[in-house]
Amino acid sequence: MAKRRFQSNQLSPRRHVFFAVLGSLMCAGLVVLAPYLAEGGDKDGAKDPQTGKSAQPSSLKGLPPTDLTEDQAIVHALNRLGYGPRPGDVQRIKEMGIAKWIDRQLRPESINDSAAEARLSRFQTLSMSSEALLEKFPRPAVAAKREGITPEEYRKEQQEKLQAARQAAENRQGADSQQQMTDQTPGQPNDDVQQNESKTPSGSRQQSGSNSSPQTMAPDELAEILLPGAKNIANQNGPSNRPGNPVMNFEQIQAPQRIIAELAMAKMDRAVYTEKQLYEQMVDFWFNHFNVFAGKGADRWLLTSYERDTIRPHAMGKFRDLLEATAKSPAMLFYLDNWQSVDPEAWARLQKEQAMRQAYRARFGGPFGRPPFPPPGANPNQTKKQERGLNENYGRELMELHTLGVDGGYLQQDVVEVARCFTGWTIRQPQRDPQFWFNERLHDPNPKMVLGHKINAGGMRDGEEVLDLLARDPHTAHHLSFEIARHFVSDNPPDALVDRMAKAYESTDGDIRAVLHTMIYSPEFWSREAYRAKIKTPFELVASAARAVGADIDVPLALVQWTGRIGEPLYQCQPPTGYSDKADAWVNTGALLSRLNYSLALAGNRLPGVRTDVRSLLGAGASGEPVAVLDQAIAVLLSGETSSQTRETLEKQMNDPRVVQASLDDPITHINEGMVAGLVLGAPEFQRR
């Protein structure tokens with residue numbers, strides 16, 4: 001009898017595979033086509049019969065005419081101008097009015113966001129200078145010296161710690177796969193989909209943890225995988241999603257990886273909790289536009305200041321100010337190598353002067369103090385490093401990515417001339433106190449010709465004049481308008497909309513807020529074609545799902561990790577293009593399966609440091625029948641909108657033993673609300689915004 005009861009509650013290996021394939025195909029088949037079929041699908045499934053037959057709802061006053069229903073328009077605004085609705089948001093904005101909410105979003109300085117800001121106070125590195133970060137979280141060579149060991153020994157020590165953590169995680173995963181078949185309990189989904197091995201870019205196996213089941217990844221292991229080299233913190237305070245546990249004690253980590261980890265966790269917290277939703281969208285947009293890779297050398301210590309002091313203050317201001325701030329940022333100077341770009345003739349002249357001083361000191365003895373450059377020829381490797389000249393990296397990306405666009409009408413010679421204008425823009429004391437510094441002696445003083453304009457202002461003003469020229473170029477207005485429209489409206493935004501946004505840019509001298517206002521109050525933004533036409537990036541999905549279920553987040557470490565697993569490790573995009581804003585970059589079978597796995601883990605309350613209560617969210621009234629629970633989950637999480645195909649697929653799963661948890665000796669049916677909600681969050685409709 002016990003054996004038969006066990007078999008009735010568990011799936012065969014063939015059924016395991018079927019459910020995994022079904023889940024991935026369900027997402028893949030619909031999500032891939034979603035951007036192209038959004039118009040027809042949404043019209044058939046969500047058309048309001050009252051639209052056009054009654055007066056416009058008061059909440060839509062001030063908006064362009066739209067055939068979206070009132071609820072659709074509110075959800076559309078929350079999904080496009082923010083990271084999706086939290087419980088109660090739709091009703092709150094319905095009472096406030098969408099236009100009023102939008103106008104507040106366009107003026108983030110008017111919004112009281114003290115609650116979200118208070119959450120960020122625990123991330124100490126966010127307020128630290130680059131100098132302080134270098135001191136507190138030193139480079140491996142410096143840390144090794146402090147410990148009295150060689151850099152090689154230090155690196156080996158950190159690699160061994162990381163490998164041990166990964167091995168422990170794999171051992172735990174292997175044990176879990178053996179034990180999970182016997183530890184099923186009502187209310188805790190046994191996600192066989194999740195047991196398909198998801199791979200990180202490095203190939204190491206990972207899985208999400210469970211707060212109370214053997215699937216839980218120990219918090220110190222989670223930290224080790226996210227933060228290679230972090231110190232192993234012992235678990236002394238009970239369950240992994242309660243205050244005082246190791247996930248909460250990330251402050252003890254003294255490795256440089258903590259800097260990026262705190263940046264990523266703060267980014268997630270802001271997306272989930274801030275009232276300044278549009279502002280955070282623009283911070284994310286501009287960081288991606290002016291991308292800097294955390295994995296390149298010193299940039300790990302420079303990114304905190306880059307986002308805090310360069311991107312955030314200018315995200316809703318004048319583009320020209322933002323452009324200059326990025327050009328003078330040590331993070332950008334280092335990332336695109338402009339800090340080493342010098343006029344070859346000036347460099348040769350300095351080398352010659354230095355050699356003469358060295359010879360003089362060798363003969364007569366010179367003044368005390370360390371010379372500004374090491375003596376040439378003293379070390380063959382050092383001599384090789386001193387071979388410096390003009391670097392075109394920044395000049396090229398400045399025009400191709402930051403301003404004009406690839407079709408902006410510039411030539412290779414313009415790239416060279418721009419690079420000449422920015423010679424001498426460098427970093428003072430890059431290993432101690434990195435600050436922007438213009439070194440006049442390394443600058444090319446000769447006239448330059450950029451886009452047919454003569455540049456001969458002299459000194460640092462040469463580069464600033466180039467920024468003036470590029471910021472007001474019509475190609476820049478169009479390029480930026482297109483990218484903003486692609487981010488907020490559709491992968492292929494209408495030309496008429498882009499043109500109007502470009503005119504707004506030109507007429508306001510590059511006012512970002514004015515460009516956004518033109519876009520938001522356009523008919524194209526509120527069109528049926530734009531509704532749910534964008535695929536969420538992994539970051540948008542993770543944040544929006546946490547918002548949708550009203551997650552209570554102690555530490556968003558697990559959410560950050562899942563963002564990376566789905567394909568978008570935060571601050572770790574290597575090319576200067578940044579992460580793609582188009583659907584085809586994010587839609588593939590592996591990524592879609594990871595999206596479903598994340599949704600199941602989140603709704604099932606199985607992420608360390610994150611608490612969810614789906615039963616309370618859905619209400620107790622629907623807890624008796626699987627289809628009733630599904631109806632309520634669709635109503636709460638998808639505003640009641642699903643395609644007939646999605647609905648049919650979800651209904652078929654309501655008889656699954658993992659949804660309807662019952663046994664022969666227990667006549668009471670237990671509905672796994674977490675799994676139902678997780679399946680709804682993994683549906684194609686939730687993958688779109």
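Because the structure is a prediction, the values reported are computed rather than measured.

Let us now look at the overall build of the protein chain. The helix and strand inventory of the protein chain stands at 31 helices and eight strands. Here the protein chain holds 689 residues, and the buried ones make up 55% of them. Contacts in the protein chain between residues far apart in sequence, at least 24 positions, make up 73% of those at least 6 positions apart. As displayed, the protein chain offers around 29100 Å² of accessible surface, 51% of which is attributable to carbon and sulfur atoms.

Moving on, we come to the packing of helix 12 (residues 277-289) against helix 23 (residues 512-520). Relative orientation of the contacting elements helix 12 and helix 23 amounts to 115 degrees, with a least axis distance of 13 Å. It follows from the interaxial angle that helix 12 and helix 23 lie roughly perpendicular. Handedness of the helix 12/helix 23 crossing: right-handed. Contacts from Leu278, Met282 and Trp286 of helix 12 reach helix 23 at Ile512, Leu516 and Ile520. Considering only residue class, the contact of helix 12 with helix 23 consists of six nonpolar, no polar and no charged.

This part is about unusual backbone geometry. Excluding glycine, most residues fall at negative phi; most peptide bonds, likewise, are trans. Unlike most non-glycine residues, Leu451 shows phi in positive territory, near 55 degrees. By relative accessible area, which is 22% here, Leu451 ends up partly exposed.

Secondary-structure assignment places Ala530 in the loop between helix 23 and helix 24 (538-548). The sequence separation of Ala530 and His76 amounts to 454 residues, and the corresponding C-alpha distance is 9.0 Å.

Locating Glu524 in the fold gives a position in the loop between helix 23 and helix 24. Spatially, the C-alpha atom of Glu524 lies 9.1 Å from that of Ala496, the residues being 28 residues apart in sequence. Those residues in contact with Glu524 that sit more than four places away from it in its chain are Val489, Pro494, Ala496, Leu497, Arg500 and Ala530. Among the polar contacts made by the side chain of Glu524, one reaches the side chain of Arg500 at a distance of 2.6 Å.

Here we come to the packing of aromatic side chains. Counted by the stated rule, this structure contains 15 aromatic pairs. Pairing Tyr83 with Phe539 gives two aromatic rings, centres 5.5 Å apart and planes at 75 degrees, and the pair type is edge-to-face. Of this pair, Tyr83 sits in the loop between helix 3 (70-81) and helix 4 (89-96) while Phe539 sits in helix 24, placing them 456 residues apart in sequence. The two residues Tyr83 and Phe539 agree in class, both being buried. Judged by centre distance (5.1 Å) and plane angle (85 degrees), the rings of Phe287 and Tyr571 are edge-to-face. Remark: Tyr571 occurs in the loop between helix 25 (557-566) and helix 26 (589-603) and Phe287 occurs in helix 12; sequence separation between them is 284 residues. A relative accessible area of 7% means that Phe287 is categorised as buried.

Evaluation of the coordinates by the stated rule reveals 35 salt bridges. Note that Arg611 and Asp554 form a salt bridge whose closest N and O atoms lie 2.6 Å from each other. Remark: Asp554 occurs in the loop between strand 5 (552-553) and helix 25 and Arg611 occurs in strand 6 (residues 610-611); sequence separation between them is 57 residues. According to the relative accessible area criterion, Arg611 is partly exposed, its value standing at 23%. Among the ionic contacts, a cluster of salt bridges with common partners joins Arg320, Glu324, Lys328, Arg461, Glu464 and Asp468.

With that settled, consider the packing of helix 28 (residues 626-637) against helix 30 (residues 673-681). Two elements in contact, helix 28 and helix 30, have axes whose closest approach is 9 Å; the angle formed by their N-to-C orientations is 50 degrees. Taken together, the axes of helix 28 and helix 30 lie oblique to each other. Once helix 28 is placed against helix 30, the crossing between them reads as right-handed. Two secondary-structure elements touch here, helix 28 through Val629, Leu630, Ala633, Ile634 and Leu637 and helix 30 through Glu673, Val676, Ala677, Val680 and Leu681.

Bringing the nonpolar core into the picture now. Formed by 143 residues in total, the largest nonpolar core has its most connected members in Trp286 and Leu516. With residues near it in sequence (within four places) discarded, Leu516 still touches Leu106, Leu278, Met282, Met316, Ile484 and Phe488. In this structure, Leu133, Leu134, Ile259 and Trp301 belong to the second largest nonpolar core, which totals six residues.

For the rest of this paragraph, the subject is helix 20 (residues 461-471). Burial runs high along helix 20: nine of the 11 residues are buried. Listed in full, the buried residues belonging to helix 20 are Asp462, Gly463, Glu464, Val466, Leu467, Asp468, Leu469, Leu470 and Ala471.

Moving on, we come to the pairing of strand 2 (residues 435-438). Two strands pair when backbone bridges link them, and strand 1 (residues 425-428) and strand 2 are joined in this way by four bridges, in the antiparallel orientation. For Ile427, the partnering residue across the bridge sits in strand 2 and is Phe436. Counted between consecutive antiparallel strands, the loop separating strand 1 from strand 2 contains six residues, among which Gln429 sits at a positive phi close to 50 degrees.

This brings us to helix 28. When the terminal C-alpha atoms of helix 28 are compared, their 16 Å separation across 12 residues agrees well with the 16 Å that a helix rising 1.5 Å per residue should span. All of the buried residues in helix 28 are Pro626, Val629, Leu630, Ala633, Ile634 and Leu637. Across the axial projection of helix 28, the buried residues extend over an arc of 135 degrees, all falling on one side. Phi turns positive one or two residues past the end of helix 28, at Ser639, with a value near 55 degrees.

The subject of this paragraph is the confidence of the model for the protein chain. Chain-level statistics for the protein chain give a pLDDT mean of 79 and a share of 72% at 70 or above. Low pLDDT, under 50, characterises residues 381-385; the predicted model gives this stretch four contacts beyond four residues in sequence or across chains.

About the thresholds
- Residues numbered from 1 in each chain as written.
- Predicted model: local features only at pLDDT ≥ 70, side-chain atom pairs only at ≥ 80, totals over all residues.
- Heavy atoms only, no water.
- Helix = DSSP H or I, 4+ residues; strand = E, 2+ residues; numbered from the N terminus.
- Buried < 20%, exposed > 50% of the residue type's maximum accessible area, 1.4 Å probe, protein only.
- Contact = heavy atoms within 4.5 Å.
- Areas by Shrake-Rupley, 256 points an atom, 1.4 Å probe, with all protein chains shown as cover.
- Axes fitted to C-alpha atoms, helices over the stretch in contact; angles between N-to-C directions.
- Parallel < 35°, antiparallel > 145°, perpendicular 65-115°, else oblique.
- Left-handed = near helix turned anticlockwise from the far one by under 90°.
- Nonpolar A, V, L, I, M, F, W, Y, C, P; charged D, E, K, R; others polar.
- Polar contact = N/O pair within 3.5 Å; in protein donor to acceptor, adjacent residues only side chain to side chain.
- Phe/Tyr/Trp six-rings, centres within 6.5 Å; stacked < 30°, edge-to-face > 60°.
- Salt bridge = Lys/Arg side-chain N within 4 Å of Asp/Glu carboxyl O.
- Core = buried A, V, L, I, M, F, W, Y, C linked by side-chain atoms within 4.5 Å.
- Pairing = 2+ DSSP bridges.
- Expected span 1.5 Å × (residues − 1).
- Arc of directions from axis to C-beta.
- pLDDT = per-residue confidence, 0-100.

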